[in-house]
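Spelled out, the chains give:
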Amino acid sequence: MTSETAPEIPAHVPSELVRHLDIRNDPDVLADPWAAVDRLREDAPLLWSPELGSHWIVTSAELVRQVLQTPDAFPNYPSGLPVIEGAWPRKLVPLQLDGDEHTRYRRLLTPLFSPRAIRPLTDLVREHATRIITSFAGDDRVEFHSQLAIPLPSVVFLGIFGIPVEQMDTFQSWVFGLLHSGDPEAAAAAGAEITGYLAEAVADRMREPREDLISELAQMEVDGRPLTAEELLDMSFLLFLAGLDTVSNQLSVITMHLARDPGQQQALRDDPSLIENAVEELLRLHAIAPLTRTVGRDFTLNGVRLRKGDRMLLSTPAAGRDPAAYDDPLTARFDRANNSSAAFGLGPHRCAGMHLARQELRIVLELMTTLVPPFRLAPGARWQWHAGEIWGLDRLDLEFVR
Ligand code: HEM
């Protein structure tokens, strides 16, 4: 890069911490995102990149924890990397709210996805997962991502949410366009489709509640008044993206791990009681949701001065593999005692849907190690990583070993 085009480095950023790295799009990152952030963490726990609007990159478990657990100094608004002014007409409820304002709305979501609330869904998830896995159990190969990882969480979520499962392919194409197409025009068009659709669904449930999650939200109150159509649209939008995208990517990423590690796959076949801890361990090792924050006031982190308004990328994928926090971090040990991580975030914004996500991950691991023969990556399998707001892959070809 020439000195004329190089973005300016702010005076408070020590030059030895500057790396010209596009953490989402550089070929090095897309070749293997986790390996790329491992290298960054080995380099330093806190770095500055002038790309993507310029931002700090936090890679150590301890510093990621400190930032997430000091929300008064690191608000969640504005968010995005780079920040796109006007991407949403207001602060997105509840993700981009902070402090008490956030708590007032988050309180409404927490009980909807509590362990008690999602327990009755166990049979439903198992039923759908069994149906899908049985459909390919007799084949030699499966393209796991499109055959199971995408449809399973979508069928479960759309059913709870109350919008037609029959339109799943259309919804999925919108979600892909918005989150993974890498094309700003396609993303804007897909975002408009989603908000248009959800605005109608919200208006409909406000007029005429049904037995679904949107209607349940529409009957809730904040500050002694019903939620407005805009607040309901925000929450629905967030849940729609989380419900249709995150679990799918996590499922494929951890299934890829098992396909590449026959010994550990066998360990789960031999002892299914390991599955619960295996899910936590694989979430630690393959976290898919790096987070962004803004520096809310001048702050010193790890001896480095951060200035109000600086942007932060918190690499939860790097933090989960930090040797300062975990022994032998790159090995998945299903009997590891300490595998708690920031895979679902930490602090006030910690994932509202994590119990549902864990339940789906556990059931799929259980069924993929009982209903089908051992699996491995199919010969010649090719895939592409995406490393934006949610990491994942575009396909996962597995071969069954009979
Ligand atoms: C494996 C799957 C999932 C992963 C890895 C994941 C990850 C995360 C992370 C890291 C956050 C924190 C965001 C932040 O601090 O800025 C978050 C927040 C959130 N997640 Fe998830 N998530 C998953 C599944 C789900 C599901 C299934 C739902 C609901 C259907 C959901 C709903 C939410 C909501 C509503 C928030 C915002 C919470 C708030 O701002 O208070 N997530 N998720």
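Summary of the structure given here.

The rules behind the values
- Residues numbered from 1 in each chain as written.
- Predicted model: local features only at pLDDT ≥ 70, side-chain atom pairs only at ≥ 80, totals over all residues.
- Axes fitted to C-alpha atoms, helices over the stretch in contact; angles between N-to-C directions.
- Helix = DSSP H or I, 4+ residues; strand = E, 2+ residues; numbered from the N terminus.
- Left-handed = near helix turned anticlockwise from the far one by under 90°.
- Contact = placed C-beta atoms within 7 Å.
- Nonpolar A, V, L, I, M, F, W, Y, C, P; charged D, E, K, R; others polar.
- Buried ≥ 20, exposed ≤ 12 C-beta atoms within 10 Å, placed from the backbone.
- Pairing = 2+ DSSP bridges.
- Near = placed C-beta within 6 Å.

## Quick look at the packing of helix 12 (residues 229-260) against helix 16 (residues 354-368)
In helix packing, the relevant descriptors are the interaxial angle and the interaxial distance, both defined with respect to the helix axes.
Working step 1: Viewed as axis vectors pointing N to C, helix 12 and helix 16 meet at an angle of 35°, and their least axial separation amounts to 10 Å. With respect to the hand of their crossing, helix 12 and helix 16 are arranged in right-handed fashion. Residue-level contacts link T246, V247, Q250, L251, I254 and T255 of helix 12 to A357, E360, L361, V364 and M368 of helix 16.
Working step 2: Taken together, the residues that form the contact of helix 12 with helix 16 break down as seven nonpolar, three polar and one charged.

## Description of unusual backbone geometry
Working step 1: The amide bond that connects Y77 to the next residue, P78, takes the cis arrangement and shows omega of -5°.
Working step 2: Among the structural elements, P78 can be located in the loop between helix 3 (61-68) and helix 4 (99-109).
Working step 3: Cis geometry is adopted by the peptide bond preceding P82, which originates at L81 and carries an omega value of -5°.
Working step 4: Even without a glycine there, the phi angle at L52 is positive, about 50°.
Working step 5: Mapped onto the fold, L52 is located in the loop between strand 1 (46-49) and strand 2 (55-58).
Working step 6: The class of L52 is partly exposed, set by 19 C-beta atoms lying within 10 Å.
Working step 7: Phi is positive for D328, which is not a glycine, with a value near 45°.
Working step 8: Among the structural elements, D328 can be located in the loop between helix 15 (316-319) and helix 16.
Working step 9: What makes D328 exposed here is the crowd of 9 C-beta atoms within 10 Å.

## Examining the sheet that holds strand 9 (residues 311-314)
Working step 1: Read from one edge to the other, the open sheet built from four strands follows the order 1-2-9-6, with strand pairing classed as mixed. Each edge of the open sheet carries a strand with a single partner, namely strand 1 and strand 6 (291-294). Across this sheet, the average inter-strand angle for adjacent strands is 25°, counted without regard to direction.
Working step 2: In terms of strand pairing, strand 1 meets strand 2 through four bridges, oriented antiparallel. Paired with S49 across the two strands is H55, which belongs to strand 2.
Working step 3: Sheet strands touched by helix 3: strand 1, strand 2, strand 6 and strand 9. Its angle to strand 9, the strand with the most contacts, is close to 125°.

## Observations concerning the site of the ligand
Working step 1: Taken together, 25 residues lie around the ligand, and A242, G345, H349, C351 and G353 are the ones closest in.
Working step 2: Only helix 4, helix 12 and helix 16 provide two or more residues apiece to the shell around the ligand.

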